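Take a look at the letters that make up each chain.
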Amino acid sequence: MTATAREHERTAADDEPILAVEDLAVEFATADGLVKAVNGVSFSVRAGETLAIVGESGSGKSVTAQAVMGLLQSPPARISSGSIRLKGRDLLAMSRHQHRAMCGDHVAMVFQDALAALNPVYSVGWQLSEALVARGRMSRREARARAVELLDLVKVPNAKQRVKEYPHQFSGGMRQRVMIAMALALEPEVLIADEPTTALDVTVQAQIMRLLAEIQAERDMGMVLITHDLGVVADVADSVTVMYAGRAVEQASALDAFAQPAHPYTQALLRSIPRLDRKGQELEVIGGRPPELTNIPPGCPFHPRCRHARDICGEGEPPPVLEPAPGRTVACHFAEEVMADVER
Ligand code: SF4
């Protein structure tokens, strides 16, 4: 369901974000100095809404998700500022145990590497039912029956039989379905999917994305999709946060971000997506590499790779500004000019 269609169905209470992250900053103490992995990131997710957090490796998107879930190892990680509110309660004001318990009740996460996340010595059915039994929601017998329902839900064929099998007996795509089933076991209100399709081939990627979108719409869940590939989220995201060097450099509705990107990095990510209407043309790549977080260039961190860069870009970091359109945040000195750059 699109954001516009849902707007008609919502009450004021529904419009309260389930998850709201405000000005989050995460640092890591390393031998090379303090690494600011996340720097002043804010976003929120409402019921039925899909937020895509997009960026290359090291942009801070997974660290942000781990901070939300209370999964950061401290030390070396430290949340140096900001708030993370889940259903109105500040998770960072809680003990680590309370934080994780609150997330366990309302938020679930799907990881990239299903094979590593699943335990090879237990059957898929045992692993699916474990969370339900451990949290006292069901007896072992009831949870076993629920495990079959969950595999059915994620469209694993012959679920009754397959529930007895082990992770290595599943293909990559089927294992990812099992991970999604596990995440859904406790009926979360927000699902965080961290690169859920990266290890899969293109056809299976599309199937998994379709499945996630279907389940999200059926359950009216909030969803945070973390990916390095803007193309993967084109059909499912309502809003997009683009991260670079730990900062949210562009935040916009998916419609705006795809139709008229206002940050050169968003623009470059879009240009690097293969397109049928550009068959035979060389695929564009983003020149250079993301900066080392111990050595972020002065000024705008993207300036060494930016085709719009001018002298001012190497001097002062652009503040996120609510321009050039309401509800749109872009950290670029030349956002309006970038939007007018039609050659995408
Ligand atoms: Fe490029 Fe300058 Fe904008 Fe940074 S501020 S993205 S270097 S144009």
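Right, let's walk through the structure included here. Since the structure is predicted, the reported quantities are computational estimates derived from the model, not experimental observations. (Residues numbered from 1 in each chain as written. Predicted model: local features only at pLDDT ≥ 70, side-chain atom pairs only at ≥ 80, totals over all residues. Heavy atoms only, no water.)

## Section: the overall build of the protein chain
- For the protein chain, the helix and strand inventory stands at 13 helices and eleven strands.
- Over its C-alpha trace the protein chain gives a radius of gyration of 21 Å, about what one expects of a compact globule, namely 20 Å for 344 residues.
- For the protein chain, the residues scored as buried account for 49% of the 344 residues in total.
- Partitioning the contacts of the protein chain with sequence separation of at least 6, the portion at a separation of at least 24 is 65%.
- Carbon and sulfur atoms form 51% of the exposed surface of the protein chain, whose accessible area is close to 16,700 Å². (Helix = DSSP H or I, 4+ residues; strand = E, 2+ residues; numbered from the N terminus. Rg over C-alpha atoms; globule rule 2.2 N^0.38 Å. Buried < 20%, exposed > 50% of the residue type's maximum accessible area, 1.4 Å probe, protein only. Contact = heavy atoms within 4.5 Å. Areas by Shrake-Rupley, 256 points an atom, 1.4 Å probe, with all protein chains shown as cover.)

## Considerations on the sheet that holds strand E1 (residues 19–30)
- With respect to topology, four strands assemble into an open sheet ordered E2-E1-E4-E5, the strand pairing being antiparallel. Looking at strand neighbours, the two that pair on one side only are strand E2 (33–45) and strand E5 (89–90), the edges of this open sheet.
- By the bridge criterion, eight bridges tie E1 to strand E4 (residues 77–86) in an arrangement that is antiparallel. Across the sheet, residue Ala25 finds its bridge partner in E4, namely Ser81. (Pairing = 2+ DSSP bridges.)

## A look at helix H3 (residues 96–106)
- Listing the buried residues of H3 in full gives His99, Met102, Cys103 and His106. Down the axis, H3 shows its buried residues gathered within 100° of arc, on one side only.
- Next to the buried residues of H3 lie helix H2 (61–69), E4, E5, strand E6 (107–110) and strand E7 (190–194). (Arc of directions from axis to C-beta.)

## So, the pattern of salt bridges
- By the definition in use, this model includes twelve salt bridges.
- With a shortest N-O distance of 3.8 Å, Lys61 and Glu195 are connected by a salt bridge. Remark: Glu195 occurs in the loop between E7 and helix H9 (202–219) and Lys61 occurs in helix H2; sequence separation between them is 134 residues.
- Look at Glu195 and you get buried, because its relative accessible area is 7%.
- When the shortest N-O distance is used, the salt bridge between Glu130 and Arg140 registers 2.8 Å. One end of the pair, Glu130, is in helix H5 (residues 124–134); the other, Arg140, is in helix H6 (residues 140–153), with ten residues separating them in the sequence.
- Overall, the relative accessible area of 26% leaves Glu130 in the partly exposed class.
- Classification of Arg140 as partly exposed rests on a relative accessible area of 27%.
- Taken together, the shared-partner salt bridges in this structure form one network comprising Arg146, Glu149 and Glu187. (Salt bridge = Lys/Arg side-chain N within 4 Å of Asp/Glu carboxyl O.)

## Points about the nonpolar core
- The biggest cluster of nonpolar side chains holds 99 residues, and the ones touching the most others in it are Leu151, Val154, Ile180, Ile192, Leu230, Val233 and Val240.
- Among the elements that line this core, the one with the most residues is helix H8 (residues 172–184), at seven residues.
- The contact partners of Leu230, leaving out residues within four places of it in the chain, are Val54, Val240, Phe258, Thr266, Leu269, Leu270 and Ile273.
- With eight residues, the next largest nonpolar core counts Ala262, Phe334, Ala335 and Met339 among its residues. (Core = buried A, V, L, I, M, F, W, Y, C linked by side-chain atoms within 4.5 Å.)

## Looking at the site of the ligand
- Surveying the vicinity of the ligand reveals the residues His263, Pro264, Cys300, His303, Cys306, His308, Ala309, Cys313, Pro318, Cys332, His333 and Phe334.
- Partitioning the shell around the ligand into residue classes produces eight nonpolar, four polar and no charged. (Near = heavy atom within 4 Å. Nonpolar A, V, L, I, M, F, W, Y, C, P; charged D, E, K, R; others polar.)

## Considerations on the sheet that holds strand E11 (residues 329–330)
- Taken in spatial order, the seven strands make up an open sheet running E6-E7-E8-E3-E9-E10-E11, and their pairing is mixed. Edge positions in the open sheet fall to E6 and E11, since each of these has one partner strand only.
- Pairing geometry for strand E9 (residues 239–244) and strand E10 (residues 247–253), over six bridges, is antiparallel. Looking at E10, one finds that Met243 is bridged to Ala248.

What is shown is where atoms sit, not what they do.
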